[in-house]
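Residues per chain, in single letters:
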Amino acid sequence: MLSITPTSPSLRPCARPRLSDPPRPPLPVVAAAATSRRKRSEDDYHATIKSLNSKGRYTPRKSLGQHYMLNSSINEALSNVAEVEDGDVVLEIGPGTGSLTNVLIDAGATVIAIEKDPHMAMLVRDRFGYTDQLVVLQEDFTKCHIHSHLSSLLENKNSIGIKPRYAKDETASRLADCSLRTSEYRPINIFVNFYSDPEYKFKVERTNFFPQPNVDAAVIKFTLKQVVDYPPVASPKSFFSMVNSAFNGKRKMLRRSLQHICPSLEIEAALKNVGLPVTARPQDLTLDDFVKLHNLITQL
Ligand SMILES: C[S@@+](CC[C@H](N)C(=O)[O-])C[C@H]1O[C@@H](n2cnc3c(N)ncnc32)[C@H](O)[C@@H]1O
């Protein structure tokens, strides 16, 4: 079952003045404004360890790829690259200890954070209990109906007269490299280039994470395309089905792996028409080549 838990403003930890408190001089306007937004805590090594252990000793789970960011300035750079601004709605997958969440909330965004690990979901809920800018869903994002959560949040905001600008995602960086003829070239690369313009932004050294992973990371920006700018295929469903079949037999030539769509000879003719050798394999084709090939072999 989905657990949708908007953090309640009533959990605000700041001490409220009691009647018995001695009267305090009014704060100067600038200071009052400064106190309306919390000073952001840094997410360095010690803060991260302390946070992880705050509910009993905790060992990061390899199976969930738990490597936590120890450098707040990288999260700031990430938020800047995504141009996160006041009023944005950001979907964050895997908030962990909330180091990026922290920066996003500070930038004025409302964050929908989806976290599979109950320990981390509780941790991030507790950490940001003071704000209503966060909704934590303790869910597996691969099984979660993200669209319905996003729509209900957007509708909610609209109903109280707030016009959120648009939704943004934190996306896995390894999707970016789509160079031809590499072992990393997969259907997902065709997918992201079909729907967006990916842009490599910067590398993040592995030393910025705890525990340290075996590889460095990178930040990629995906600018979503307008529907009119999608490559011209009659049916995206049939297009991606063809792309998946092509990669299923990665070492296979397309004239064999696409035989279920049309005879080999016709595939060879279509490949020639696209300007490719008849022996082409999936890693030899750009998105544009796949689109042309699809349109030729599905119109036969
Ligand atoms: C690499 S950590 C990143 C944490 C945080 N963004 C940071 O930079 O410190 C990945 C997070 O994603 C969570 N996670 C892994 N698989 C998930 C899934 N399928 N659905 C939701 N969360 C997931 C992990 O529990 C972990 O908190």
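Residues numbered from 1 in each chain as written. Predicted model: local features only at pLDDT ≥ 70, side-chain atom pairs only at ≥ 80, totals over all residues. Heavy atoms only, no water.

- The name given to the chain in an unreviewed UniProt entry is rRNA adenine N(6)-methyltransferase, with the source organism recorded as Elaeis guineensis var. tenera.
- Recorded in UniProt under Sequence similarities (unreviewed entry), the annotation for the chain is "Belongs to the class I-like SAM-binding methyltransferase superfamily. rRNA adenine N(6)-methyltransferase family." (UniProt positions renumbered as here; feature names shortened; annotations may be inferred.)

Concerning the overall build of the chain
Here's step 1: Counting its secondary structure elements, the chain contains 11 helices and nine strands.
Here's step 2: Buried positions account for 39% of the 300 residues belonging to the chain.
Here's step 3: Across the chain, every contact between residues at least 6 apart in sequence was considered, and the portion connecting residues at least 24 apart equals 66%.
Here's step 4: For the chain, the exposed area adds up to about 17,800 Å²; of that, 55% sits on carbon and sulfur atoms. (Helix = DSSP H or I, 4+ residues; strand = E, 2+ residues; numbered from the N terminus. Buried < 20%, exposed > 50% of the residue type's maximum accessible area, 1.4 Å probe, protein only. Contact = heavy atoms within 4.5 Å. Areas by Shrake-Rupley, 256 points an atom, 1.4 Å probe, with all protein chains shown as cover.)

Describing the packing of aromatic side chains
Here's step 1: Enumeration according to the criterion identifies 13 aromatic pairs in this entry.
Here's step 2: Between Tyr 195 and Phe 240, the ring centres sit 5.9 Å apart and the planes meet at 20°, which makes this aromatic pair stacked. Of this pair, Tyr 195 sits in helix α7 (residues 187–195) while Phe 240 is found in helix α8 (residues 236–248), placing the two residues 45 residues apart along the sequence.
Here's step 3: Note on Phe 240: relative accessible area 13%, which makes it buried.
Here's step 4: Among the aromatic residues, ring-to-ring pairing joins Phe 191, Phe 194, Tyr 195, Tyr 230, Phe 239 and Phe 240 into one connected group. (Phe/Tyr/Trp six-rings, centres within 6.5 Å; stacked < 30°, edge-to-face > 60°.)

A look at the site of the ligand
Here's step 1: The environment of the ligand is made up of 18 residues, and the closest members are Gly 65, Gln 66, Met 69, Glu 115 and Asp 140.
Here's step 2: In the environment of the ligand, an oxygen atom lies 2.8 Å from a nitrogen or oxygen atom belonging to the side chain of Gln 66.
Here's step 3: One nitrogen or oxygen atom from the side chain of Glu 115 is found 2.5 Å from an oxygen atom belonging to the ligand.
Here's step 4: Within the complex, the protein chains bury 84% of what would otherwise be the 600 Å² of accessible surface of the ligand.
Here's step 5: Going through the elements one at a time, β2 (68–69) and β4 (110–115) are the ones with two or more residues in the shell around the ligand.
Here's step 6: Class assignment of the residues belonging to the shell around the ligand gives a composition of six nonpolar, six polar and six charged. (Near = heavy atom within 4 Å. Polar contact = N/O pair within 3.5 Å; in protein donor to acceptor, adjacent residues only side chain to side chain. Nonpolar A, V, L, I, M, F, W, Y, C, P; charged D, E, K, R; others polar.)

A look at the UniProt feature "binding site: S-adenosyl-L-methionine" (unreviewed entry) in the chain
Here's step 1: Under the feature "binding site: S-adenosyl-L-methionine" (unreviewed entry), the UniProt entry names His 67, Met 69, Gly 94, Glu 115, Asp 140 and Ser 148. In summary, the annotated positions, distributed over 82 residues, remain apart in three dimensions as well, the widest C-alpha pair reaching 29.2 Å.
Here's step 2: Mapped onto the elements, His 67 comes out in the loop between α2 (45–52) and β2.
Here's step 3: His 67 sits in the partly exposed class, given a relative accessible area of 32%.
Here's step 4: Sequence-distant contacts of His 67, defined by excluding residues within four places in its chain, comprise Phe 209, Phe 210, Pro 211, Gln 212 and Pro 213.
Here's step 5: Locating Gly 94 in the fold gives a position in the loop between β3 (89–93) and α4 (99–106).

Section: the environment of Leu 254
Here's step 1: Relative to the assigned elements, Leu 254 resides in helix α9 (residues 254–257).
Here's step 2: Once the C-alpha coordinates of Leu 254 and Thr 279 are considered, the two residues, 25 residues apart in sequence, prove to be 7.2 Å apart.
Here's step 3: In contact with Leu 254, not counting residues within four places along its chain, are Ala 246, Ile 267, Leu 271, Ala 280, Arg 281, Pro 282, Leu 285 and Leu 293.

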